[in-house]
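Analysis of the macromolecular model
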Amino acid sequence: MKGRNMTRWRDPAKDPRQEAKSNLITPEGHARLSGILDHLSRVRRPEISAKVGEAAALGDRSENADYTYNKKELNRVIARIRYLGKRLDELQVVDRLPADTGRVYFGAFVTLEDEDGEELAIRIVGHDETDTARRWISVDAPLARALLGKALDDEVTVAAPGGETHYIVTAIDYRDPGASR
């Protein structure tokens, strides 16, 4: 049987998509996801529903491109609302600093130095709030896993596609989630 739902077989034990994701999130990330959910359910969904209604009122739906497009968009928005609703229920908000702020834990801003002396500044965040432009990496990422529990001046070795990479932790910073900005 061929079709769009057919994909190649992947071994579930080795499939990275099957790995358990942590359910941790920062307060800022939780607020952002809640805002997206609120916008989709209060603004976007009614807006698209009105467009679908207008397109349906024009008559024959079988050849109505506006109706078809907006109906697909509505279904996509509804699916996103459903996903975010379930995901927000699963998430655990980490809203306090760790007991030992001298070590790397969830929510830490970490500065690393590689063998060439180049610095890399990252933040360890939840899976749902990763951002490559800001260098926020998931707590499930190999680099973050290697960093967890490390202290200042500790050496970290990470397996990378180009071979092992060595870093030294040069700074660890936490910003108090309860403090106003």
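Now for a look at the structure at hand. (Residues numbered from 1 in each chain as written. Predicted model: local features only at pLDDT ≥ 70, side-chain atom pairs only at ≥ 80, totals over all residues. Heavy atoms only, no water.)

**Details of the overall build of the chain**
To keep things clear, this is the line we draw: A run of H or I in DSSP counts as a helix once it spans at least four residues, and a run of E counts as a strand once it spans at least two, with each numbered from the N terminus. Exposure classes here rest on a 1.4 Å probe applied to the protein chains alone. A residue is buried below 20% of its type maximum, exposed above 50%, and partly exposed in between.
Check the secondary structure of the chain and you find three helices and seven strands. Listing every helix and strand of the chain by position from the N terminus yields β-α-α-β-β-β-β-α-β-β. Expressed as a percentage of its 181 residues, the buried residues of the chain come to 30%.

**Description of the nonpolar core**
Condition: Only buried residues count toward a nonpolar core, which is a set of Ala, Val, Leu, Ile, Met, Phe, Trp, Tyr and Cys residues joined through side-chain atoms within 4.5 Å.
Among the nonpolar cores identified, the biggest contains 19 residues, and Val104, Val110, Leu112, Ile122, Leu143, Leu147 and Val169 are the most heavily contacted of them. Only strand 3 (109–114), strand 4 (119–125), helix 3 (142–147), strand 6 (155–160) and strand 7 (163–173) provide two or more residues apiece to this core.

**Focus on the packing of aromatic side chains**
Any aromatic ring pair is given by two values, namely how distant the centres are and how the planes are angled relative to each other. This is how the line gets drawn: For this analysis, a ring pair means two rings from Phe, Tyr or Trp (six-membered ring only for Trp) whose centres lie within 6.5 Å, classed as stacked if their planes differ by under 30 degrees, edge-to-face if by over 60, and tilted for the remaining angles. Lysine NZ or arginine CZ positioned within 6 Å of the ring centre and within 35 degrees of the ring normal marks a charge as sitting over the ring.
Within this structure, the stated rule accounts for zero aromatic pairs. Sitting above the plane of the Trp136 ring, Arg123 keeps its charged end 4.8 Å from the centroid.

**Let's talk about the sheet that holds strand 6**
To keep things clear, this is the line we draw: Any two strands with at least two DSSP bridges between them are considered paired. To obtain each axis, a line is fitted to C-alpha atoms, and for helices this fit is confined to the stretch in contact; angles are then taken between N-to-C directions over 0 to 180 degrees.
If you walk across this open sheet you meet the five strands as 5-4-3-7-6, and the pairing is mixed. The open sheet terminates on both sides in strands that have one partner only, identified here as strand 5 (136–138) and strand 6. Here the strands of the sheet are splayed against their neighbours by 45° on average, with no regard to which way each runs. Here strand 3 pairs with strand 7 via six bridges, running antiparallel. Within strand 7, the residue paired with Val110 across the bridge is Ile172.

**A short note on the packing of helix 1 (residues 27–57) against helix 2 (residues 65–90)**
Formally: Here the angle decides the label: under 35 degrees means roughly parallel, over 145 means roughly antiparallel, 65 to 115 means roughly perpendicular, and every other value means oblique. The hand of a helix crossing depends on one turn: near helix anticlockwise from the far one by less than a right angle means left-handed, and clockwise means right-handed. For this classification, Asp, Glu, Lys and Arg are treated as charged, while Ala, Val, Leu, Ile, Met, Phe, Trp, Tyr, Cys and Pro are nonpolar and the rest, including Gly, are polar.
Where helix 1 contacts helix 2, the two axes come as close as 9 Å, and the packing angle between them is 155°. In terms of axis orientation, helix 1 runs roughly antiparallel to helix 2. Regarding helix 1 and helix 2, the two cross each other, and that crossing is left-handed. A per-class count over the contact of helix 1 with helix 2 returns 15 nonpolar, six polar and seven charged.

**Some words on unusual backbone geometry**
One non-glycine residue, Arg135, adopts positive backbone phi at about 60°. Structurally, Arg135 can be placed in the loop between strand 4 and strand 5. One non-glycine residue, Asp153, lies in positive phi territory at about 70°. The topology assignment puts Asp153 in the loop between helix 3 and strand 6. For Asp153, a relative accessible area of 61% corresponds to the exposed category.

**Examining helix 1**
Here is the rule: Here a helix's expected span is defined as the number of its residues, less one, multiplied by 1.5 Å. Two residues qualify as a contact provided that any one of their heavy atoms is within 4.5 Å of a heavy atom in the partner residue.
If you check helix 1, its first and last C-alpha atoms are 44 Å apart, about what 31 residues at 1.5 Å a residue would give, namely 45 Å. Residues of helix 1 that are buried include every one of Gly29, Leu33, Leu37, Leu40, Ile48, Val52, Ala55 and Ala56, and no others. On its buried face, helix 1 is in contact with strand 1 (24–25) and helix 2. Two residues or fewer past helix 1, Gly59 is found with a positive phi of approximately 120°.

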